[in-house]
Amino acid sequence: MLSAFFVKPKWLFGSVFFWFLFCMLAWYSVVKGMGPSFSLGEWVGYGFPHRLPSGASKAAQHSYQLAVEQAYEVWLSQYLMVCFGVFIGGWVWLTDHPWRYWSVGGSGLIILIVWFQVEVSVRLNDWYGDFYNLIQTALGHPNAIKLSELYGELMTVGVLLMTAIIVSVLNDFFVSHFVFRWRTALTEYYTSKWQTVRHIEGASQRIQEDTMRFANIMESLGVSFLNAVMTLLAFLPILWHLSKEVPVLPLVGHVSQGLVFVSIIWSIIGTGLLAITGIKLPGLEFKNQKVEAGYRKELVYGEDDAQRAQPVTLTTLFSHVRFSYFRLYLHYVYFNIVRYSYLQFGNFIPLIMLAPSIVAGAFTLGVMQRIMNAFGKVEDSFQYLVNSWTTIVELLSIYKRLKAFEQAIDHEALDKLEFETIED
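Quick caveat: nothing in here was measured; it's all calculated off a predicted structure. Counting restarts for each chain, with residues numbered from 1 along the sequence as it is written. At least 70 in pLDDT is required for a residue's local features to be given in this predicted model, at least 80 for side-chain atom pairs to be given and counted, and no such filter applies to totals for whole chains, interfaces and linings, which use all residues. Note that the side-chain values use all heavy atoms of the structure and ignore hydrogens as well as water.

Colleague: I keep staring at the packing of helix 3 (residues 58-94) against helix 4 (residues 100-140) and nothing clicks. Help me out?
Modeller: Helix packing geometry: the angle between the two helix axes and the distance between the axes. Between helix 3 and helix 4, the shortest axis-to-axis distance is 9 Å and the interhelical angle comes to 165°. With respect to helix 4, the axis of helix 3 lies roughly antiparallel. Classified by chirality, the crossing of helix 4 by helix 3 is right-handed. Contact with helix 3, carried on its side by E73, S77, L80, M81, F84, I88, W91 and V92, involves R100, Y101, V104, G105, G108, I111, L112, W115 and R123 of helix 4 and no other residues of that element. The classification used treats Ala, Val, Leu, Ile, Met, Phe, Trp, Tyr, Cys and Pro as nonpolar, Asp, Glu, Lys and Arg as charged, and all other residues, Gly among them, as polar. Residues belonging to the contact of helix 3 with helix 4 are distributed by class as follows: 11 nonpolar, 3 polar and 3 charged. Angles here are taken between N-to-C directions and fall from 0 to 180 degrees, while the axes themselves are lines fitted to C-alpha atoms, restricted in helices to the stretch in contact. Helix and strand definitions follow DSSP, with helices as H or I runs of at least four residues and strands as E runs of at least two, each counted in order from the N terminus. Angles are sorted into four bins: roughly parallel if under 35 degrees, roughly antiparallel if over 145, roughly perpendicular if 65 to 115, and oblique for all others. Left-handed describes a crossing in which the near helix is turned anticlockwise from the far one by less than a right angle; the clockwise case is right-handed. The criterion used for residue contact is that any of the two residues' heavy atoms lie within 4.5 Å.

Next up, the structure:
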């Protein structure tokens, strides 16, 4: 399922972790300090500033510190681009897999776009803080700001969002081609083994439909996972820093960086609840696809053979489909009760945690918006399994169906699930 499209998937995906670890160690030990000498940030207006003279004002020191942080951000982006290019180029150059340009190069482009989208989220978080502080000033002190300042902020975010929209549209176009190439690789591989797998129930559907759904869902979950990881890396330090503004939590009292721990604990609770309540769903989805395949198969035979697809037979087969769906709907009832209750209640967790600080007037409206947004981003990242659980269930059922192909090709015994009846 992976090796048909990706270059040595175990080695490829394993090397990603070690290469990232090596690059990060190099950054903090050597490369970060080389920024003033090798950064190209000055070309785009984010070069390293000259040191301040002694006795500089606090405003000058603040501006200097902000300029240094921005320069290091640009230097880090430049360094990561180089690391990324070396990794992708090395795998493409050292292997001869027929799909390496799409699988390795295409995956690399998708990762870059996800990275860009996360950076946009970070910039938006900063913008929300400044914008809502401006709103608070305007509402609390009439005519304290000019109309041009308000419109200027809106123009700034407008340019940022338009850029993000264009990138997202182009990304969707590219991802569509990427998924179809993956499906093509799977289809070519399984059709070359048709005589070995043709006896498996619903083999035609598994090649025609399941390969498409597998590639599509794997790409979607993979991008979501990368987005969750990158978002976490970007927003966890922000939430850690902003947690200093919220020293007191309800029921707990004074806790250092309490918001970070609240987001982690709440996400673990949700993941555990959904894992327990949804444990039966993958097997039920598999059986559902199995009876659908049997019903479709009889209809296809009936197109060419008048003795097939008789009303009695079709009624029996469709009764299996109905039984399977009704059972699946029933199990989704208690799963969705837990899922939706958790997600809806989770919307109020940050407000509950911020309540003592709001009452005490410990921060401005802009800071509150930044905290709420950062908390939401971190929480969503930790809740990757919660947000993707139904899609994961669907993927597991498809995986079980395609796994039968792999077992037949390798001359292994099929899973017991392949022989279970609808009542089992």
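Colleague: Where do I start with the packing of aromatic side chains in this structure?
Modeller: Each aromatic ring pair is specified by the distance between its two centres and by the angle formed by the two planes. Stacked, tilted and edge-to-face pairs are distinguished by plane angle, under 30 degrees for stacked and over 60 for edge-to-face with tilted covering the rest, among Phe, Tyr and Trp rings (Trp via its six-membered ring) whose centres lie within 6.5 Å. Under the defined criterion, the tally for this structure stands at 27 aromatic pairs. Plain terms: the ring middles of F5 and W182 are 5.6 Å apart, the flat faces sit at 15° to each other, and that makes the pair stacked. Taken together, the positions of F5 in the segment before helix 1 (9-29) and W182 in helix 5 (residues 147-192) put the pair 177 residues apart, joining distant regions of the chain. For the pair formed by F5 and W182, the shared burial category is buried. Seen in terms of ring centroids, Y332 and F335 are 5.9 Å apart; in terms of plane orientation they differ by 85°. Their pairing is edge-to-face. Remark: F335 and Y332 occur in helix 10 (residues 311-346); sequence separation between them is 3 residues, near one turn of the helix. Summarising the burial analysis for this pair, Y332 and F335 share the class buried. Pairwise contacts between aromatic rings join F5, F6, F13, W99, F178, W182 and F214 into one cluster. Throughout this description, the term charge over a ring refers to an Arg CZ or Lys NZ atom that lies within 6 Å of the ring centre and within 35 degrees of the ring normal. Sitting over the face of the ring of Y72, K32 holds its NZ or CZ atom 5.4 Å from the ring centroid. Under the scheme applied here, a residue whose accessible area is under 20% of the maximum for its type counts as buried, over 50% as exposed, and between as partly exposed, the area being computed with a 1.4 Å probe on protein chains only.

Colleague: What is the right way to look at the UniProt feature "transmembrane region" (unreviewed entry) in the protein in this model?
Modeller: Summarizing the sequence annotation, UniProt attributes the feature "transmembrane region" (unreviewed entry) to residues 12-30, 76-94, 101-118, 154-174, 221-240, 260-279 and 348-368 in the numbering used throughout. The distance from the first to the last C-alpha atom of residues 101-118 is 25 Å, and the span holds 100% helix and 0% strand. Its end C-alpha atoms 14 Å apart, residues 348-368 is made of 76% helix and 0% strand. UniProt positions are given in the numbering used here, feature names are shortened, and annotations may be inferred rather than shown by experiment.

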